[in-house]
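Chain residues, written in single-letter form:
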Amino acid sequence: MSMEESHPLSFSRKAVLIEAFNTIAAKMSPQRFLSTSGFIFLCDEAGQLVRHQEMSLSYEVQQNAEMSLDKRNPWYEVTQVDDNLVTSLIHYFGDVEGTSYYLGLKVVGRFSQECLHEYLLGLMVAIEERIELTRSHEILFEITKKIHSSIDVDEVLHSIVSNINGLFPSMQTDLWLSHDSSTTLSFRTFNFDMGTEEISLRAFMEGNVMMVQNEQPSDGHVVRLAAPLRGKQGIYGVLEMYADQQVQITSKDIELITILADTAGNAFENAQLYQQSQKLIQELLLINGMAKQLTKTLNLDEILKYVLDKLLETYEAEYCVILHYLPKEERFVVLASSHPEHIGRSVKNVGELARMTQSREGLIVSDAVLGEALLSSYRSLMGVPLVSGLDVEGAILVTDSRASAFSFDDFKLLEILTQHVNLAIKNASLHKEVERMVITDNLTKLHNRKFLNDRVSISVKQDKQGALILIDIDHFKKVNDTYGHQVGDEILIQVADILMNSVRKSDIAARWGGEELAVYLPGQTLETALEVSERVRSRIEQQTEPRVTVSLGVAAWREDLQEETVESLFYSADIALYEAKRSGRNQFRVAVTS
């Protein structure tokens, strides 16, 4: 029987052969065939005695016996000339590490050759089995040690496949995995289209080794064997082996494959758990880092930019957007986007967005075909709503044009990050609202007097010119007395709205006090101020209900004409306002400059 080396591990078959001979020979009783003394021996091709086992203490082994080996037949007769005629039969073991070894039996007298043949053959088979068992244990130990020495999923899977291929070179190997893995090895995944007759799916579902042999298979695989990769927490995949011709697979081979697959499953599970723990640590560091960074500033624009950059970096995504929801209008507005040109755009509350606003829960899409939906085309999407109580206030979307670009773990991390982002946005919005309230009149929503004074002071120092318009509602006390203070407040609000719609965003509209309002036009000339004054006056007269009129006083300054101060500018405008009221109201007057 040829015993060729067929695995990539170091394996001393000579040492195993001698150990197996010593163990088996001592247990093989010759009494069934022999009744006299003798011994079993192991010799090399030169006739040198390597090992022997006595059958009876009454026989003395002759170490220097000359043996004649007839290599024409697998069985040989060796005759030793001494006082008694001794017949020995030997069986050729084959090449073991470059040397041929022979198993023989020496007894006194002549016996049935068939009897001796049967005895030696049984002994040889027992030794061969012992060698194979020792070989399997050593291989299993080495492979197990190698597999468990690594916590890298890629290395574990590579070790599994390479050693299986080494043990069974006549068969090919496919790796099936049911879990996400970062391995660079090629592997197959289970899907719902697979038939129940698929051997790998059956092995995975039932958790047992499966083998089929078919002389005329449709796929060309005569022999197919599938062993599940079982761990303590579940089954992670299947090791499928197949051959295009008949291959002898013994029960011991199946036992070895089963043990190896279970070992590989446990090692794979450990490697996966290690990678998951490392990923969890990285996620915790990311969450902690984001939480710290988000608390460093209350500037909403800075927060939104930081969040976008971090999400794009974390998920290596192509697009990210933060939306604000307007429930009354059933639409979203882009607060921040990785494409800056999208900021301020409107997005209808349909599709995935509608699903999120209705369920108030996030979603993940692995392979969608939606064209240019949601401002950017995508196949993969993760979305999480920004929720306050029972209300949806916005959403964060991360998209990519690749299918299955995001895992479920990515989605769960985004849900956690969104909670911190939502809190940071709320804090920044509240801070911004407090700042607005500090500088804003609560009734009219115009800036207050202090803010106006501060901005005029800055303009007088930095600009080359400017103009101030003071506005007073005519007969406002009469309005309050006639219609009540509530209507009086509504009139103030109407006038304020008209004022804000009649000036530029860079102009400063403010409530000066009571029924007096003001507008400062930084960098503008007196001519511009007069145009604005007439526009404001006429619109108020036409658009208020009940109808009211206003009187206006205009004062302008230029750095080349006089050195203006805030106090003198307001004083000049106030004098002009008084002149307008004294002249009959519903008009404007210009301050006289020195």
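Residues numbered from 1 in each chain as written. Predicted model: local features only at pLDDT ≥ 70, side-chain atom pairs only at ≥ 80, totals over all residues. Heavy atoms only, no water.

Turning our eyes to something else, we now look at the overall build of the protein chain. Within the protein chain, the regular secondary structure consists of 13 helices and 21 strands. Contacts in the protein chain between residues far apart in sequence, at least 24 positions, make up 60% of those at least 6 positions apart. Counting only carbon and sulfur atoms, one obtains 50% of the accessible surface of the protein chain, whose full area is about 31,600 Å². (Helix = DSSP H or I, 4+ residues; strand = E, 2+ residues; numbered from the N terminus. Contact = heavy atoms within 4.5 Å. Areas by Shrake-Rupley, 256 points an atom, 1.4 Å probe, with all protein chains shown as cover.)

Our next topic: the sheet that holds strand 13 (residues 346-348). Taking strand neighbours across the sheet as the criterion, the 6 strands line up as 13-12-11-16-15-14 in an open arrangement whose pairing is antiparallel. Each end of this open sheet is capped by a strand with a single partner; those strands are strand 13 and strand 14 (363-365). Each neighbouring strand pair of the sheet contributes to a mean axis angle of 25°, computed without reference to strand direction. Here 6 bridges tie strand 11 (residues 319-326) to strand 12 (residues 331-337), and the two strands are oriented antiparallel to one another. Pairing of I322 across the sheet is with A336, part of strand 12. Those strands touched by helix 7 (residues 351-359) are strand 11, strand 12, strand 13, strand 14, strand 15 (380-388) and strand 16 (391-400), and its axis lies near 140° from that of strand 16. (Pairing = 2+ DSSP bridges. Axes fitted to C-alpha atoms, helices over the stretch in contact; angles between N-to-C directions.)

Moving on, we get to helix 7. Here helix 7 has its buried residues at E352, L353, A354, M356 and T357. If you follow the buried residues of helix 7, they end up packed against strand 11, strand 12, strand 13, strand 14, strand 15 and strand 16. (Buried < 20%, exposed > 50% of the residue type's maximum accessible area, 1.4 Å probe, protein only.)

All told, the structure shown has 19 salt bridges when counted by the stated rule. One salt bridge connects K305 with D309, and the closest N-O pair in it is separated by 2.9 Å. With K305 and D309 both in helix 6 (residues 300-315) and 4 residues apart, the pair spans about one turn of that helix. Note that K310 is salt-bridged to E313, the shortest N-O span being 4.0 Å. You can see K310 and its partner E313 sitting in helix 6, 3 residues apart, about one turn around the helix. Residue K310 is classed as partly exposed on the basis of its relative accessible area, which comes to 22%. A residue is classified by how much of its surface remains accessible, and E313, at 55% relative accessible area, is exposed. Through salt bridges with shared partners, one network takes in E198, R224 and E240. (Salt bridge = Lys/Arg side-chain N within 4 Å of Asp/Glu carboxyl O.)

Right, let's talk about the sheet that holds strand 9 (residues 223-230) for a bit. With mixed pairing, the 5 strands of this open sheet are ordered in space as 7-6-10-9-8. The open sheet has two edge strands, strand 7 (188-189) and strand 8 (210-213), and neither has a second partner. With 8 bridges connecting them, strand 9 and strand 10 (residues 235-243) associate as antiparallel partners. Of the residues in strand 10, the one forming a bridge with V223 is A243. Contacts from helix 4 (residues 199-206) reach strand 6 (172-177), strand 8, strand 9 and strand 10 within the one sheet, and its direction differs from that of strand 10 by about 145°. Of the strands in this sheet, strand 6, strand 8, strand 9 and strand 10 touch helix 5 (residues 251-294), which is tilted by about 40° from strand 9.

Let's shift gears to the pairing of strand 9. With 7 of its 8 residues buried, strand 9 lies for the most part within the structure. Across 4 bridges, the pairing between strand 8 and strand 9 is antiparallel. Residue pairing for strand 9: V212 is matched across the bridge by R224. The loop that links strand 9 with its antiparallel partner strand 10 comprises 4 residues; one of these, G234, has a positive phi angle of about 160°.

Within the span of helix 4, buried status applies to I199, S200, L201, A203 and F204. Where helix 4 is buried, its residues touch strand 6, strand 8, strand 9 and strand 10. Within two residues after helix 4, G207 carries a phi angle of roughly 75°, on the positive side.

The interhelical angle for the contact between helix 5 and helix 8 (residues 408-439), taken along N-to-C directions, is 15°, at an axis separation of 10 Å. With respect to their mutual orientation, helix 5 and helix 8 come out roughly parallel. Considering how the two elements wind past one another, helix 5 and helix 8 form a crossing that is right-handed. Of the residues in helix 8, those touching helix 5 at K279, E283, L286, I287, M290, A291 and L294 are D409, D410, L413, I416, L417, H420, V421 and A424. Looking at the contact of helix 5 with helix 8 residue by residue, the classes come out as 10 nonpolar, 1 polar and 4 charged. (Parallel < 35°, antiparallel > 145°, perpendicular 65-115°, else oblique. Left-handed = near helix turned anticlockwise from the far one by under 90°. Nonpolar A, V, L, I, M, F, W, Y, C, P; charged D, E, K, R; others polar.)

This paragraph deals with the environment of K348. When you line up the elements, K348 lands in strand 13. C-alpha separation for the pair K348 and F332, spaced 16 residues apart in sequence, amounts to 6.2 Å. Not counting residues within four places of it along the chain, the set of residues in contact with K348 comprises E330 and L353.

The subject of this paragraph is the packing of helix 6 against helix 8. It is at 10 Å that the axes of helix 6 and helix 8 come closest, and there the two elements cross at 170°. Considering the angle they form, helix 6 stands roughly antiparallel to helix 8. Of the residues in helix 8, those in contact with L300, I303, L304, V307, L311, T314 and Y315 of helix 6 are D410, L413, L414, L417, V421, A424, I425, A428 and S429. For the contact of helix 6 with helix 8, the per-class residue count stands at 13 nonpolar, 2 polar and 1 charged.

The tally for this structure, following the rule as stated, stands at 4 aromatic pairs. When the centroid spacing of 6.1 Å and the interplanar angle of 45° are considered together, the rings of F408 and F411 count as tilted. Remark: F411 and F408 occur in helix 8; sequence separation between them is 3 residues, near one turn of the helix. Residue classification places F408 among the exposed positions, given a relative accessible area of 53%. Judged by centre distance (4.4 Å) and plane angle (15°), the rings of W512 and F570 are stacked. In this pair, W512 sits in strand 18 (residues 508-513) while F570 sits in helix 13 (residues 566-582), placing the two residues 58 residues apart along the sequence. Assigned by exposure class, W512 and F570 land together as buried. (Phe/Tyr/Trp six-rings, centres within 6.5 Å; stacked < 30°, edge-to-face > 60°.)

With that out of the way, let us pick up the side chain of S551. If you trace the backbone, S551 turns up in strand 20 (residues 550-558). You can call S551 buried: its relative accessible area is 0%. Reaching out from S551, the side chain makes a polar contact with the side chain of D474 at a distance of 2.7 Å. A polar contact of 3.3 Å, which involves the side chain of S551, links it to the backbone nitrogen of N586. (Polar contact = N/O pair within 3.5 Å; in protein donor to acceptor, adjacent residues only side chain to side chain.)

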